[in-house]
Amino acid sequence: MTRARAKRPASPYLEILRLPGALAFSAAGFLARMPMSMFSLGTVLLIAATTGRYGLAGLVAAAGSVGYALGAPQIARLIDRFGQARVLRPQVAVFGAATVVFMTLAEIGAPLAAVIVPGALAGATMPSVGSMVRARWSVLLAGTGRLHTAFSLESVADEIIFVVGPALVTLLATAVYPAAGVGAAMVLCVTGTLLFAAQRRTQPRPRGPRRADGSSPVPEPRRARTWAAVPGLVTLVPVYWFLGAMFATIDLSTVGFSAEHGHLPLAGLVLGAYALGSAIGGLWYGTRRWRAPLERRFAVTLACTVAGVATFWLQPGLLSLVVVIIIAGMSISPTLIAGYGLIERQAPPDRRTEGMTWLSSAIAVGVATGSPLAGHLIDAYGARWGYLLAAACGFGAALTALAGLGRLRCRGGPADPAEPAIPAGTGEAATDPGPAVTGQALG
C-alpha cells in the first residue's frame with residue numbers, strides 16, 4: 001500500500017503535464033492567447049490616446065470583438081477539416097499584418113472608418129488558441145478520466161492571463177508608447193501561435209475525407225449543421241453570451257465603484273482578486289473526482305456564480321467587496337470548465353474545435369454588447385446599478401441554462417469516466433486516435 005502510494009504523482013496536474021508533448025503545447029498555447037486579455041484594452045488605450053475620445057475607442061474595440069466572434073467559428077471549422085498547423089500559420093500572418101496596419105493608421109490619425117476596418121480584420125483573424133489547446137487535450141486524454149483536470153489547468157491559465165495581461169498592456173500603453181500595448185499583444189500571439197503550430201505530434205488528426213493515398217482532404221459530403229450535431233450549443237451559446245455581458249459589466253462597475261470611493265488605482269487589484277478566486281476554484285475542481293452528471297455540475301456552479309454576483313451591489317466599501325469577490329469568483333472556472341466539457345463530450349471529433357470556439361465567440365459578443373450598456377448605466381446612475389445589471393445578466397444565464405438543461409445531457413454515463421492509468425505512450429498515440437475516438441465514446 002505504501003509503495004503504491006509512493007508511485008502516484010503528487011498532483012494530477014503533474015501527471016498530465018508529464019505526457020509527451022503536453023507541457024510544450026500547453027505553454028505555447030498560454031503564450032499565444034495572452035492577447036485575449038490585452039488586445040481590446042490595448043485598442044481602447046491606443047484610440048483614446050490618439051483621439052481623446054473614449055466613445056470612439058469603445059467603438060473600435062467593439063468592432064474587433066465582433067470580428068472575432070464572427071471569424072473564429074469559421075476558422076475553427078477549417079482547422080477541424082485541414083488541421084491546426086495548416087490553418088494557423090496563414091491565419092496568424094494575416095493577424096500580424098492587420099494589426100500593424102491598424103496601429104499605423106491609429107497613430108497617424110486616419111479617419112475612423114479606415115481604422116475600424118483593419119481593427120475588425122485583426123479581431124476576425126486572431127487565433128482562438130484556447131479551443132485548440134483543449135482539442136489537443138481531448139485527444140491526448142481520451143478515456144483516461146483526466147480531461148476535466150486538463151480543462152481546469154487551462155482555465156486557471158486563462159485566469160492568470162486576465163491578471164497579468166491588463167496590467168502589462170496598461171503599463172506599456174501609458175508609460176512607453178500608446179501603440180506598445182497592442183504591439184506587445186501581437187508579438188506574443190504570433191510567437192506563441194507559431195510555436196504551438198510547430199508541435200505537430202500532439203495536434204488532432206484532420207477529420208475530413210481523404211484521398212486513397214491519405215495525402216489531402218477531398219470535398220466532403222453535405223453534413224448536418226454544427227448546432228444540430230452539437231445540441232448543447234443551443235443552450236450554451238446564449239448562456240455564455242450572458243456571462244460575457246456579466247463579466248464586462250463587473251469590470252466597468254468595479255472601476256466605477258473604486259472611483260466613487262476615491263481609490264481608482266485599486267480597481268485592478270479588486271478585479272485581480274476576482275480572477276484569483278476563479279483560479280483557486282479551478283485548481284480545486286481539477287483535482288476532484290466527480291460522480292454528479294456534468295450538466296448538473298454546470299447548473300450548480302453557474303447558480304453559485306450568479307448568487308455571488310448578486311451580492312456585489314450591497315457592499316459598503318472596497319474591503320468587503322474584495323472579500324466577497326474572491327469567494328464569488330471560486331465558481332467561475334468550474335462553470336467554464338463544465339461548459340467546455342459538455343461540448344467536448346457531445347461534439348463529433350470533426351466539430352470539436354468549432355464547438356468550443358462558439359463558446360469563446362459568445363463571450364466576446366457578450367462583452368461587446370454588455371460594455372456600452374453598462375457604461376451608460378454607470379454614468380447615469382452609479383456603479384451599484386452596474387452591479388445590478390451584472391446580476392440581471394447572471395440570472396439570464398441561469399434561467400437559460402435551466403430551460404435548456406435537457407440539451408446538455410451527455411450520453412454514455414452520468415459522471416466522469418473511470419480513471420485508468422495513463423500510459424506513457426499516450427502522447428504518441430494522439431497523432432492517430434483511430435476510429436474508436438468518437439463523440440459517442442467521449443460521452
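Residues numbered from 1 in each chain as written. Predicted model: local features only at pLDDT ≥ 70, side-chain atom pairs only at ≥ 80, totals over all residues. Heavy atoms only, no water.

A. Region of the structure containing the overall build of the protein chain. In terms of regular secondary structure, the protein chain is built from 21 helices and zero strands. Every one of the 443 residues in the protein chain was classed for burial, and the buried ones make up 55%. In the structure as shown, the protein chain presents an accessible area of about 18,600 Å², 69% of it carried by carbon and sulfur atoms. (Helix = DSSP H or I, 4+ residues; strand = E, 2+ residues; numbered from the N terminus. Buried < 20%, exposed > 50% of the residue type's maximum accessible area, 1.4 Å probe, protein only. Areas by Shrake-Rupley, 256 points an atom, 1.4 Å probe, with all protein chains shown as cover.)

B. Fine view of the packing of helix 4 (residues 39–51) against helix 6 (residues 84–107). It is at 9 Å that the axes of helix 4 and helix 6 come closest, and there the two elements cross at 25 degrees. The orientation of helix 4 relative to helix 6 falls into the category roughly parallel. In contact with Phe39, Thr43, Leu46, Ile47 and Thr50 of helix 4, helix 6 contributes Phe95, Thr99, Phe102, Met103, Ala106 and Glu107. Partitioning the contact of helix 4 with helix 6 into residue classes produces seven nonpolar, three polar and one charged. (Axes fitted to C-alpha atoms, helices over the stretch in contact; angles between N-to-C directions. Parallel < 35°, antiparallel > 145°, perpendicular 65-115°, else oblique. Contact = heavy atoms within 4.5 Å. Nonpolar A, V, L, I, M, F, W, Y, C, P; charged D, E, K, R; others polar.)

C. The arrangement of the pattern of salt bridges in detail. Tallying each qualifying case throughout the model produces four salt bridges. Taking the shortest distance from any N to any O, the salt bridge between Glu354 and Arg77 comes out at 2.7 Å. Taken together, the residues span a long stretch of sequence, with Glu354 in helix 17 (residues 352–381) and Arg77 in helix 5 (residues 54–82) at a distance of 277 residues. On the basis of relative accessibility, which here comes to 0%, the residue Glu354 falls in the buried class. Overall, Arg77 belongs to the partly exposed group, its relative accessible area being 35%. Close ionic contact of Asp158 with Arg134 constitutes a salt bridge, the shortest N to O distance being 3.0 Å. (Salt bridge = Lys/Arg side-chain N within 4 Å of Asp/Glu carboxyl O.)

D. How the structure looks around the nonpolar core. Residues Trp137, Tyr240, Leu243, Phe298 and Phe312 are the most contacted members of the largest nonpolar core, which totals 74 residues. Not counting residues within four places of it along the chain, the set of residues in contact with Phe312 comprises Ile250, Tyr274, Leu321, Val324, Ile325, Ala328 and Tyr387. Of all hydrophobic cores here, the second largest spans 31 residues; its members include Ala106, Val115, Met126 and Met186. (Core = buried A, V, L, I, M, F, W, Y, C linked by side-chain atoms within 4.5 Å.)

E. Seen up close, helix 3 (residues 22–32). If you check which residues of helix 3 are buried, you get Ala22, Phe25, Ser26, Ala28, Gly29 and Ala32. Looking down the long axis of helix 3, one finds its buried residues gathered within 165 degrees of arc, a one-sided arrangement. Elements in contact with the buried residues of helix 3: helix 2 (12–17), helix 8 (129–140), helix 9 (147–176) and helix 10 (180–197). (Arc of directions from axis to C-beta.)

F. Spatial organisation of the packing of aromatic side chains. The full count for this structure, using the stated rule, is eight aromatic pairs. An angle of 50 degrees between the planes, with centres 5.8 Å apart, marks the rings of Phe39 and Phe95 as tilted. With Phe39 in helix 4 and Phe95 in helix 6, this residue pair connects regions lying 56 residues apart in the sequence. Site record: aromatic cluster; members linked through ring pairs are Phe257, Tyr274, Phe312 and Tyr387. Of note, Arg134 hangs over the ring of Tyr340, and the distance from its end group to the ring centre comes to 4.4 Å. The ring of Phe196 has Arg136 sitting right over it, with the charged end atom 4.1 Å from the ring centre. (Phe/Tyr/Trp six-rings, centres within 6.5 Å; stacked < 30°, edge-to-face > 60°. Lys NZ or Arg CZ within 6 Å of the ring centre and 35° of its normal.)

G. Up close: the packing of helix 14 (residues 294–309) against helix 18 (residues 383–403). Contact geometry for helix 14 and helix 18: axes closest at 9 Å, N-to-C directions at 165 degrees. Comparing the axis directions of helix 14 and helix 18 gives the class roughly antiparallel. Crossing handedness for the pair helix 14 and helix 18: left-handed. Packed against helix 14, whose contacting residues are Phe298, Leu302, Val306 and Val309, the element helix 18 presents Ala390, Ala391, Gly394, Phe395, Ala397, Ala398 and Ala401 at the interface. (Left-handed = near helix turned anticlockwise from the far one by under 90°.)

H. Region of the structure containing helix 17. Between its terminal C-alpha atoms helix 17 stretches 43 Å, which fits the 44 Å expected from 30 residues at 1.5 Å a residue. Along helix 17, the sharpest change in direction is near 25 degrees and occurs at Gly370; proline Pro372 comes one to four residues later. In the stretch just after helix 17, Gly382 is the one whose phi turns positive, near 110 degrees. (Expected span 1.5 Å × (residues − 1). Bend = angle between axes of the 7 residues up to and from the residue.)

I. Region of interest: the side chain of Thr357. Topologically, Thr357 is positioned in helix 17. Of the polar contacts made by the side chain of Thr357, one reaches the side chain of Ser131; its length is 3.3 Å. (Polar contact = N/O pair within 3.5 Å; in protein donor to acceptor, adjacent residues only side chain to side chain.)

J. Up close: the confidence of the model for the protein chain. Considering every residue of the protein chain, the mean pLDDT works out to 80; 84% of them sit at 70 or more. Below a pLDDT of 50 lies the segment residues 218–222, which in the model reaches eight contacts outside its immediate sequence neighbourhood of four places, other chains included. (pLDDT = per-residue confidence, 0-100.)

K. Representation of a nonpolar patch on the surface. Taken together, Trp313, Leu314, Tyr381, Trp385 and Leu388 make up a surface patch of nonpolar side chains, about 550 Å² in accessible area. Looking at the element boundaries, Trp313 is found in the loop between helix 14 and helix 15 (318–329). (Patch = residues over 30% accessible without salt bridge, like charges linked within 9 Å, V, L, I, M, F, W, Y side chains within 5 Å.)

L. Spatial organisation of the side chain of Ser65. Note on placement: Ser65 falls in helix 5. When neighbours within four sequence positions are excluded, Ser65 is seen to be in contact with Ser40, Ala364 and Ala368.

M. How the structure looks around the environment of Val164. Counting through the fold element by element, Val164 comes out in helix 9. Its relative accessible area of 41% is what places Val164 among the partly exposed residues. Sequence spacing of Val164 and Gly272 is 108 residues, and the spatial spacing of their C-alpha atoms is 8.6 Å.

N. Structural detail: the environment of Ile363. Structurally, Ile363 can be placed in helix 17. Sequence-wise, Ile363 and Ala245 are 118 residues apart; in three dimensions their C-alpha atoms are separated by 7.4 Å. Among all residues touching Ile363, those that are not within four sequence positions of it are Tyr240 and Gly244.

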